[in-house]
Amino acid sequence: MLAWSDKDISLLNEVFRNLNSFHESFNLLNFFIQPYIMHINNMPPKAMSNSSYKLHSHKAFECSIIMAGSITYTIEDRVIEISAGNSIIIPPGILHYWCATQATTIFSFMLFISCHGDGSRERMNQLNNSITRLNYTIKNFTNMESDLGIIIKEAQNQNNGFDEKIQCFTRSIYIEIFRKLLPPQKPTRRSLQLPPKRGNISASVVDLVRFYVQDNLSENIKIQDISSSIGISVNHLSRIFKKNHGDTIHQYIITRRIDNAVNLLQSTDRSVKDIATSVGYEDVDYFCRVFKKNKGMTPSQFRKKL
């Protein structure tokens with residue numbers, strides 16, 4: 001496999017940090033891909049992800065291709081050794097830790113990956129289940145050596161159009177990853193007629209907000225937390241959601257909470273206070289005021305009318 005000096009790697013990573021086109025979003029097999037970080041590291045033997053052997057997780061998918069040497073990952077309760085020519089992919093929220101078992105060169109990407117539309121959660125589950133089934137490892141990734149070599153050469157030479165060429169070859173790596181993780185899929189007539197626009201993230205962002213709110217409805221949801229989870233600024237997130245959904249994120253959260261409260265009032269005999277807590281309101285009086293503002297009556301009055 002390929003290897004580079006620390007000086008070469010430092011120069012390459014500086015190019016990658018300033019490569020605006022690398023961060024352009026795109027759709028692949030109905031998955032929304034938002035590249036976040038790309039970098040190369042030379043690591044000496046026994047180099048660790050942190051000095052305290054602490055498990056950590058990310059908000060994006062971490063994909064690393066081992067170009068030389070080997071590295072041992074601890075992923076939750078599994079210990080996995082990855083050697084040159086193989087790759088590892090770790091979904092968001094999965095606790096992990098790594099240690100280089102010998103001098104190692106590693107090419108890493110951080111990607112936000114999501115779906116939108118009908119069946120989006122099923123597709124994300126299929127992707128995550130495939131990663132787990134493969135023990136987080138994509139083996140025999142040696143055919144990526146030529147693509148990696150081209151990426152490095154383009155970054156070093158910076159000839160006309162080098163940024164677009166790097167983008168093309170990084171995407172070819174993502175395609176290989178998805179081919180190994182998912183069963184073959186034939187393109188639909190719609191996708192052939194209407195290829196996705198580069199950088200069009202609106203539908204995916206709206207779905208990501210909806211999923212986040214659904215999963216955290218009983219918590220104190222802050223727009224800043226949603227923004228950090230998705231990886232875009234609060235202002236940009238708010239503009240996209242308002243433009244494509246109609247409501248503000250704050251209004252949407254209230255609507256979802258009141259809708260859930262209505263379902264609980266109709267289908268259970270839980271107390272109003274208990275329902276308020278389960279939909280994210282610690283103050284039951286405030287919950288009753290919000291409910292009345294939206295439904296024209298208090299939760300108790302609503303239940304009596306059933």
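For the structure, check the block above.
Residues numbered from 1 in each chain as written. Predicted model: local features only at pLDDT ≥ 70, side-chain atom pairs only at ≥ 80, totals over all residues. Heavy atoms only, no water.

1. Let's talk about the packing of helix H9 (residues 249-267) against helix H11 (residues 284-295)
In step 1: Contact geometry for H9 and H11: axes closest at 11 Å, N-to-C directions at 95 degrees. Comparing the axis directions of H9 and H11 gives the class roughly perpendicular. Across from Ile-254, Ile-258, Asp-259, Ala-261, Val-262 and Leu-265 in H9, the residues of H11 making contact are Phe-287, Val-290, Phe-291, Asn-294 and Lys-295. (Axes fitted to C-alpha atoms, helices over the stretch in contact; angles between N-to-C directions. Helix = DSSP H or I, 4+ residues; strand = E, 2+ residues; numbered from the N terminus. Parallel < 35°, antiparallel > 145°, perpendicular 65-115°, else oblique. Contact = heavy atoms within 4.5 Å.)

2. Things to note about the sheet that holds strand S7 (residues 96-100)
In step 1: Here we have 3 strands laid out as an open sheet, ordered S5-S4-S7, and antiparallel in their pairing. Either end of the sheet is taken by a strand with one partner, and the two such strands are strand S5 (78-83) and S7. Geometrically, the sheet is characterised by an average inter-axis angle of 20 degrees between neighbouring strands, direction not taken into account.
In step 2: Pairing of strand S4 (residues 70-75) with S7 involves 5 bridges; the strand directions are antiparallel. Looking at S7, one finds that Ile-75 is bridged to His-96. (Pairing = 2+ DSSP bridges.)

3. Looking at the environment of Arg-179
In step 1: Along the chain, the position of Arg-179 falls in helix H4 (residues 162-181).
In step 2: Placed 150 residues apart in sequence, Arg-179 and Leu-29 show a C-alpha to C-alpha distance of 9.8 Å.

4. A word on the pairing of strand S2 (residues 31-43)
In step 1: As defined by bridge partners, strand S1 (residues 26-28) adjoins S2 across 3 bridges and the pair is classed as antiparallel. Each residue of the ladder has a partner; that of Phe-26, found in S2, is Ile-33.

5. Here we look at the pattern of salt bridges
In step 1: Applying the stated criterion to the full structure yields 3 salt bridges.
In step 2: Taking the shortest distance from any N to any O, the salt bridge between Lys-165 and Glu-154 comes out at 3.5 Å. With Lys-165 in helix H4 and Glu-154 in helix H3 (residues 145-157), this residue pair connects regions lying 11 residues apart in the sequence.
In step 3: Note on Lys-165: relative accessible area 38%, which makes it partly exposed. (Salt bridge = Lys/Arg side-chain N within 4 Å of Asp/Glu carboxyl O. Buried < 20%, exposed > 50% of the residue type's maximum accessible area, 1.4 Å probe, protein only.)

6. Quick look at the sheet that holds strand S3 (residues 61-68)
In step 1: Strand order in the open sheet formed by 6 strands is S1-S2-S8-S3-S6-S9, with antiparallel pairing between adjacent strands. The outermost strands of the open sheet, each flanked by one partner alone, are S1 and strand S9 (137-138).
In step 2: Two strands pair when backbone bridges link them, and strand S6 (residues 87-90) and S9 are joined in this way by 2 bridges, in the antiparallel orientation. When the bridges of S9 are listed, Ile-88 appears paired with Thr-137.
In step 3: Of the strands in this sheet, S2, S3, S6 and strand S8 (104-115) touch helix H2 (residues 120-133), which is tilted by about 160 degrees from S8.

7. Describing the packing of aromatic side chains
In step 1: Under the defined criterion, the tally for this structure stands at 8 aromatic pairs.
In step 2: Summarising the aromatic geometry, the rings of Tyr-281 and Phe-287 are spaced 5.6 Å apart at their centres and angled 40 degrees between planes, so their arrangement reads as tilted.
In step 3: Owing to a relative accessible area of 1%, Phe-287 belongs among the buried residues under this scheme.
In step 4: Taken together, the ring pairs connect Tyr-281, Tyr-286, Phe-287, Phe-291 and Phe-302 into an aromatic cluster. (Phe/Tyr/Trp six-rings, centres within 6.5 Å; stacked < 30°, edge-to-face > 60°.)

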